[in-house]
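If you want the building blocks of each chain, they are given just below.
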Amino acid sequence: MLAVLARPDAVSANDSAAELSIGGLQFLRSNTIAIESEDLRISLDRVQVRYQFANTSDKPVTLTVAFPLPDIDLSEGESIALPSSDPVNFVDFATTIDGAPAKFQLDQRATVGGKDVSALLRQFKLPMLPIGKSEIRVADLPEATRAKLADEGLLMPAGTNDKGRQQYAAAWIAKTSAVRQQTFPPDRKVVVEHQYRPSVGTSSDTILRWVLRNNKSLSAEVQRYRKQYCITDAFLADLDKRAGKGQLNAAMIQERRISYVLSTGANWAGPIRSFKLAIDSGGDRLVSFCAGRLKPISPNAMEFSANDFTPDQDLKILILGRF
């Protein structure tokens, strides 16, 4: 969700893969710029959002506007699903203003326990997000560097090697934001469009299958799912028709999970006057999320719409089926 930065200097920014949520900045409420409409379309391979902004004042308003990319917690290691190997624009983010490609700056920083440790990484010439061509091998770092990074919490113990030597893994959080200056004139609407490739959490089975969700040892996790994705009894009944009640996952039902920070939409002046969300599951699959009731608009897609919409929570979407 597009947002106004809290301050100009805020940016100097089991077989399962973790989903990543767009978010991570502190935001400032704008009392003069309103979202006339937001059209959000989410699929497994693309997120597209189209805003129409209106300046409610009688003068031009220029703001520092940011679209935060997912926080990457490197302590989660290989469980993170990244769409791209680009260490900066790792979701292939792009934006247009009134139909024309817009320039933006991608700023990165690193934190540990809320403390900004970017300067320490720069001191040792280490990337904020060590993926792709920027990937680093901790074992290859000088011993003094490893010790300093470990002391500061940027490295965590990761077992020992065959010689009994302590191994370490990266443990900081990489934060990335697309930032630009945007002027909103008082006499016309401004159309802003973003698109990017989402990080999709995957599991080759689902804990919601009858035999698993009725396992007492898994009850806490099942309840977490039911709350996080607003799972209804009707949803589970439909799943049981597809998956059966056998021990094995004979129907090959899998999970896909997508997160999107929607709540920052409440940072603009007034509610979103016209909001539309379309979710394309890519096939005959079950979809559940908490924002509202979906209605079919095509064999593979469902839609939720609302007027004067004030988002008070973020989107966590669960898709179940064959992939």
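This text follows the structure it describes.
None of the values given here were measured: they were computed from a predicted structure.

Asks: In this structure, what is going on with helix H5 (residues 233–243)? I would like to understand it.
Replies: Helical periodicity: at 3.6 residues per turn, an α-helix aligns residues three or four positions apart in one direction. Buried residues of H5: Phe235, Leu236, Leu239, Asp240 and Ala243, and no others. Buried positions in H5, seen along its axis, are confined to an arc of 140° and lie on one side of it. Seen from the buried face of H5, the exposed residues on the opposite side, beyond 90 degrees, are Ala234 and Lys241. Residues of H5 that are buried in the fold lie against helix H3 (210–213), helix H4 (219–228), strand E18 (286–288) and strand E21 (315–321).

Asks: I tried to follow the state of the cysteines on my own but got confused; where do I start?
Replies: Two cysteines joined by a covalent bond between their sulfur atoms form a disulfide. One pass over the full model with this rule turns up one disulfide. The disulfide partner of Cys230 is Cys290, and the gap between their sulfur atoms is 2.0 Å. Judged by the torsion about the S-S bond (110°), the Cys230/Cys290 disulfide is right-handed. Taken as a pair, Cys230 in the loop between H4 and H5 and Cys290 in the loop between E18 and strand E19 (295–296) lie far apart in primary sequence, 60 residues in all. For Cys230, a relative accessible area of 33% translates into the label partly exposed.

Asks: Would you mind going over unusual backbone geometry with me for this structure?
Replies: With the exception of glycine, the majority of residues adopt a negative phi angle, and the majority of peptide bonds are in the trans configuration. A positive phi angle, close to 50°, is found at Asp98, a residue other than glycine. As for its position among the elements, Asp98 is in the loop between strand E7 (94–97) and strand E8 (100–101). Note on Asp98: relative accessible area 42%, which makes it partly exposed. Unlike most non-glycine residues, Lys125 shows phi in positive territory, near 55°. You can see Lys125 is positioned in the loop between helix H1 (118–123) and helix H2 (143–151).

Asks: Even after reading the chapter, I still don't get the packing of aromatic side chains, so can you show me in this structure?
Replies: Aromatic ring pairs: the centre-centre distance and the angle between the two ring planes describe each pair. Per the counting criterion, the structure on display carries 10 aromatic pairs. Centre to centre, the rings of Phe93 and Phe104 are 5.2 Å apart; their planes meet at 80°, and the pair counts as edge-to-face. Pair noted here: Phe93 is in the loop between strand E6 (72–73) and E7 and Phe104 is in the loop between E8 and strand E9 (105–112), with a separation of 11 residues, a long-range link. By relative accessible area, Phe93 is classed as buried at 5%. The class of Phe104 is partly exposed, set by a relative accessible area of 26%. A connected cluster of aromatic rings, assembled from ring pairs, spans Phe67, Phe93, Phe104 and Tyr196. A cation over a ring is seen here: Arg256 above Phe323, with NZ or CZ 4.1 Å from the ring centre.

Reading the values: the criteria
- Residues numbered from 1 in each chain as written.
- Predicted model: local features only at pLDDT ≥ 70, side-chain atom pairs only at ≥ 80, totals over all residues.
- Heavy atoms only, no water.
- Buried < 20%, exposed > 50% of the residue type's maximum accessible area, 1.4 Å probe, protein only.
- Helix = DSSP H or I, 4+ residues; strand = E, 2+ residues; numbered from the N terminus.
- Arc of directions from axis to C-beta.
- Contact = heavy atoms within 4.5 Å.
- Disulfide = S-S within 2.5 Å.
- Phe/Tyr/Trp six-rings, centres within 6.5 Å; stacked < 30°, edge-to-face > 60°.
- Lys NZ or Arg CZ within 6 Å of the ring centre and 35° of its normal.

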